[in-house]
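Secondary and tertiary structure notes
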Protein chains: 2
Amino acid sequence: MIHFSINKSYFLQALNTTKRAISHKNAIPVLSTVKIDVTTEGITLTGSNGQISIENFIATKEENAGLLVTSPGAILLEATFFINVVSSLPDVTLDFKEIEKNQIVLTSGKSEITLKGKDAEQYPRLQDMQAENPLVLETKVLKDVINETAFAASLQESRPILTGVHLVLSDHQSLKTVATDSHRLSQRKLSLEKASDNFDVVIPSRSLREFSAVFTDDIETVEIFFANNQILFRSDNISFYTRLLEGNYPDTDRLIPSEFNTVISFNRDHLRSAMERARILSNATQNGTVKLEVTNGVVSAHVNSPEVGQVHEELDSLSVTGEDLTISFNPTYLIDALKAIDSDQVTISFISAVRPFTLVPAEDQGEFIQLITPVRTN
Amino acid sequence: MIHFSINKSYFLQALNTTKRAISHKNAIPVLSTVKIDVTTEGITLTGSNGQISIENFIATKEENAGLLVTSPGAILLEATFFINVVSSLPDVTLDFKEIEKNQIVLTSGKSEITLKGKDAEQYPRLQDMQAENPLVLETKVLKDVINETAFAASLQESRPILTGVHLVLSDHQSLKTVATDSHRLSQRKLSLEKASDNFDVVIPSRSLREFSAVFTDDIETVEIFFANNQILFRSDNISFYTRLLEGNYPDTDRLIPSEFNTVISFNRDHLRSAMERARILSNATQNGTVKLEVTNGVVSAHVNSPEVGQVHEELDSLSVTGEDLTISFNPTYLIDALKAIDSDQVTISFISAVRPFTLVPAEDQGEFIQLITPVRTN
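Residues numbered from 1 in each chain as written. Chains lettered and ligands numbered in written order. Predicted model: local features only at pLDDT ≥ 70, side-chain atom pairs only at ≥ 80, totals over all residues. Heavy atoms only, no water.

**Quick notes on the environment of Lys97(A)**
Residue and element names in this part refer to chain A. Relative to the elements of secondary structure, Lys-97 occurs in strand E7 (residues 93-100). A relative accessible area of 39% means that Lys-97 is categorised as partly exposed. Between the alpha carbons of Lys-97 and Tyr-333 there is a distance of 54 Å; along the sequence they are 236 residues apart. Setting aside residues up to four positions removed in sequence, Lys-97 forms contacts with Ile-2, His-3, Gln-103, Ile-104 and Val-105. (Helix = DSSP H or I, 4+ residues; strand = E, 2+ residues; numbered from the N terminus. Buried < 20%, exposed > 50% of the residue type's maximum accessible area, 1.4 Å probe, protein only. Contact = heavy atoms within 4.5 Å.)

Next comes the structure, spelled out in structure tokens:
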């Protein structure tokens, strides 16, 4: 019969992290619970939606947790409900005591709340994952890479593999990360400091966004373990599991052009505001595009909606080289691409009105490149 | 043909105020537009959803507006769309010019956006309202009164009159404001400094909430004009019209008890947190109630949900007088009531388990009273 006391805020924060994996309306009822597993070493909180699973460990030796375990055990509690109850408690600490099988009392100040739980044996077992030589990355580096690519993955299930992000380690040190929805693509390369086993996996972009939310900036490094159809990201206290997407990721290398006819550099923020203005009107047009014109070194943007109105704007460019050009595209793709770039300046390179164009940050060494497919208009 | 230039932020703020009256999906298409009426004195922006109408005046003499009118005129522009376009403009000022009938060009920096509008003649005329002796109130006083009562109005259309707030001026100086949804009631009385004509109106609570959002705290006083089926709140720049509810408001005076058998004082915030804890569990019970028990001067709260669990809590009371009591009620009504009270201490007075109980702020002079009806349980 479980009995422990803990600092309320610390407990609540750990619960909320675990809850990111828990869906309130899961088809499998037991997955709407949080598993609370108490040993003399500490408490493990587990949540899962069948795709992502999170284990969060609170150690008795962690001073801020104020955790005092009197008696170990395990129980399942309705996650949302339990978190609401904990956050409503009046005192800075709470006492958690199992008074009969699967029934607990929370005591805090003068408040005494009895809750019914479920048998911990009902909870599905998570896959055991071990590796002698896990990949170790700085959390910030991994989160940056996710930020730069995951947005370009597809949101549509028509080609499920494109809803993932393709991560490939080759030559034991070259990491390539790619995502595409077939209209735009984002690719980031990185050379690892330490050699690791090669891998080639496709991770759901949604799982990666959750990873970024769960692994806060105070967690310096993350260990990565691979299994057949799963990947595990692990820090001292948090284990984050996600299933992998099955199937072959398309060969994207052949899509990336290397010779161009028109090259323009822009201030990133100027270009982004201009595209946001253009988008307000292009949203009201049939094909939703903005037209970019390059004429004698002058770059301008145009939208024409017969019903609503027009935009005409000369864009501030930092440099223009090559041929004149007229090209149409969806401004949202360019806005998304600019949001993913950390540099103040960007270079956009065109082949022709019907071929994808590339975006790279200024002074890039071929490590971060994005591709946007134009829309043919007549 | 209209032509003016104006400070973008000032214009945007005035547009956003006006937009509070404009519904994007109004059944009458012209009501999704904002009317822009330009004279040499300034610009009037008008928006309406048929229930509420707002006129917002920007004077040429208002220095912060940076308004320069070159040529007057009027036009209708799709409100949401136009506001999005204005907020996207790059420069601190914008130039608004009608280039042909119902077609305008906005110029700001290097950006040039052409928009199509509609003929201003299509816009419905607002009722002309004048009074020689309008009621003048401090905005803050009126907003406080709204805050203390409007929440208690009904959200259901089954008895439309209860969706309004009843305002009555009698003896030329005694203002009484009441709202009730038949489960709870809130009444605020106020003695006006200056005598005015008596009135008796029922204003939709929704309109009053919009009024509070539109009349910001920098507007010191508001003039109130009455017409047959409308009321107008007016400041220097803003005219806020709302229709009134028709029908007789029920006689609420007879509902308010004056003799009690049990009287308890609480710290407002303590009581509110306890009720919020109780509500988490009472939401999971069939009748959604919390049970309050008074036994030998000790007050306690109890919820029992057979499926989920229980709450037992001794409440910190400041004083208890009178008989022992057991009474059940919906904790949300008590939480709402406590939120409306500005005082740190509240006094709750009971007659019996089946009669409504009252809430008043500590040291109240009979000016602010709330009523909550208990729920009979067996």
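**A look at the domain arrangement of chain A**
Many authors give the size of an interface as the accessible area that is lost as the parts come together. All names here are of chain A. When cut into domains, chain A gives domain 1 (3-122), domain 2 (135-249) and domain 3 (256-372). A separation of 30 Å is found between the C-alpha centroids of domain 1 and domain 2. Taken together, the contacts link 9 residues of domain 1 with 11 residues of domain 2. Across the interface of domain 1 and domain 2, roughly 1,100 Å² is buried in total on both sides, 48% from carbon and sulfur atoms. Interface area lost by domain 1 to domain 2 is led by Arg-20, Gln-51 and Glu-55, which between them contribute 46%. There are 1 salt bridge connecting domain 1 and domain 2. Across the pair Arg-20 and Glu-210 runs a salt bridge, and its minimum N-O distance is 2.8 Å. The interface formed by domain 1 and domain 2 contains 5 residue pairs in polar contact (both at pLDDT 80 or more). Sort the elements by how many residues they give to the side of domain 1 that touches domain 2 and strand E4 (residues 52-59) lands first, with 6 residues. In terms of residue class, the side of domain 1 that touches domain 2 is made up of 3 nonpolar, 4 polar and 2 charged. (Domains from an automatic or database assignment. Buried area = accessible area lost by both parts, 1.4 Å probe. Salt bridge = Lys/Arg side-chain N within 4 Å of Asp/Glu carboxyl O. Polar contact = N/O pair within 3.5 Å; in protein donor to acceptor, adjacent residues only side chain to side chain. Nonpolar A, V, L, I, M, F, W, Y, C, P; charged D, E, K, R; others polar.)

**Details of the packing of aromatic side chains**
Tallied over the full model, the rule gives 24 aromatic pairs over all chains. On the basis of an interplanar angle of 25° and a centroid distance of 4.5 Å, the ring pair of Phe211(A) and Phe215(A) is categorised as stacked. For the pair formed by Phe211(A) and Phe215(A), the shared burial category is buried. Seen in terms of ring centroids, Phe4(B) and Phe11(B) are 5.8 Å apart; in terms of plane orientation they differ by 75°. Their pairing is edge-to-face. Of the residues examined, Phe11(B) reaches a relative accessible area of 0% and is grouped as buried. Site record: aromatic cluster; members linked through ring pairs are Phe4(A), Phe11(A), Phe82(A) and Phe96(A). (Phe/Tyr/Trp six-rings, centres within 6.5 Å; stacked < 30°, edge-to-face > 60°.)

**Observations regarding the sheet that holds strand E20 (residues 298-305) of chain B**
What the 9 strands build is an open sheet, ordered E5(A)-E1(A)-E7(A)-E8(A)-E9(A)-E21(B)-E20(B)-E19(B)-E23(B); its pairing is antiparallel. Of all strands in the sheet, those with a lone pairing partner are strand E5 (68-71) of chain A together with strand E23 (325-329) of chain B, marking the two edges. Strand after strand, the sheet turns through a mean of 15° between neighbouring axes, direction not considered. Here E20(B) pairs with strand E21 (residues 309-315) of chain B via 7 bridges, running antiparallel. Paired with His302(B) across the bridge in E21(B) is His312(B). (Pairing = 2+ DSSP bridges. Axes fitted to C-alpha atoms, helices over the stretch in contact; angles between N-to-C directions.)

**Focus: the interface of chain B and chain A**
The partner chain A presents 26 residues to the 26 residues of chain B that form the contact. Taken together, the two surfaces of chain B and chain A that pack against each other cover about 2,400 Å², and 54% of this comes from carbon and sulfur. It is Lys110(B), Arg277(B) and Ile280(B) in chain B that bury the most area against chain A; as a group they hold 25% of the surface buried on that side. The interface formed by chain B and chain A holds 2 salt bridges in total. Residues Lys110(A) and Asp316(B) are paired through a salt bridge, measuring 2.5 Å at the closest nitrogen-oxygen approach. Summed over the shared surface of chain B and chain A, the result is 16 residue pairs in polar contact (both at pLDDT 80 or more). The set of elements that each furnish at least two residues to the side of chain B that touches chain A consists of helix H2 (79-88), strand E9 (111-116), helix H5 (268-282) and E21 of chain B.

**Some points on the UniProt feature "domain: DNA polymerase III beta sliding clamp C-terminal" (unreviewed entry) in chain A**
As annotated in UniProt, the feature "domain: DNA polymerase III beta sliding clamp C-terminal" (unreviewed entry) corresponds to residues 254-375 of chain A in the numbering used here. With 20% helix and 44% strand, residues 254-375 of chain A has its two end C-alpha atoms placed 20 Å apart. (UniProt positions renumbered as here; feature names shortened; annotations may be inferred.)

**Examining the packing of helix H5 (residues 268-282) of chain A against helix H6 (residues 331-339) of chain A**
Residue and element names in this part refer to chain A. Between H5 and H6, the shortest axis-to-axis distance is 9 Å and the interhelical angle comes to 150°. When the interaxial angle is binned, H5 and H6 end up roughly antiparallel. Read as a crossing pair, H5 and H6 show a hand that is left-handed. Between H5 and H6, the residues in contact are Arg-268, Leu-271, Arg-272, Met-275, Glu-276, Arg-279 and Ser-282 and Pro-331, Thr-332, Leu-334, Ile-335, Leu-338 and Lys-339, respectively. (Parallel < 35°, antiparallel > 145°, perpendicular 65-115°, else oblique. Left-handed = near helix turned anticlockwise from the far one by under 90°.)

**What about the relation of the copies chain B and chain A?**
Mapping chain B onto chain A is achieved by rotating through 180° and translating by 0.0 Å along the same axis, at an RMSD of 0.0 Å. Expressed as an axis order, the relation between the two copies is that of a two-fold axis. Minimal C-alpha separation from the rotation axis in chain B is found for Lys25(B), amounting to 16 Å. Interface overlap between copies is the fraction of interface residues in one copy that are interface residues in the other; for chain B against chain A it reaches 100%, indicating a shared surface. (Least-squares fit on C-alpha atoms with pLDDT ≥ 70 in both.)

**Points about the pairing of E4(A)**
Residues and elements named next belong to chain A. Most of E4 is tucked away: 6 of the 8 residues are buried. Pairing of strand E3 (residues 42-48) with E4, which is carried by 7 bridges, proceeds in the antiparallel orientation. Counted as the bridge partner of Gly-42 is Ala-59 from E4. Where E3 folds back onto E4 in an antiparallel hairpin, the turn is made up of 3 residues, including Gly-50, whose phi is positive at roughly 90°. Pairing of E4 with strand E17 (residues 238-243), which is carried by 5 bridges, proceeds in the antiparallel orientation.

**Some thoughts on the pairing of strand E13 (residues 184-191) of chain A**
Every regular strand shows the same layout, with side chains that alternate between the two sheet faces. Residue and element names in this part refer to chain A. Direction of pairing for strand E12 (residues 174-180) relative to E13: antiparallel, over a ladder of 7 bridges. Opposite Ser-174, over in E13, you have Ser-191 as the bridge partner. Hairpin connection between E12 and E13: a loop of 3 residues separates the two successive antiparallel strands, and Ser-182 in this loop has a positive phi of roughly 80°. As defined by bridge partners, E13 adjoins strand E26 (residues 368-372) across 5 bridges and the pair is classed as antiparallel. Each bridged residue has a counterpart across the sheet, and for Arg-188 the counterpart in E26 is Phe-368.

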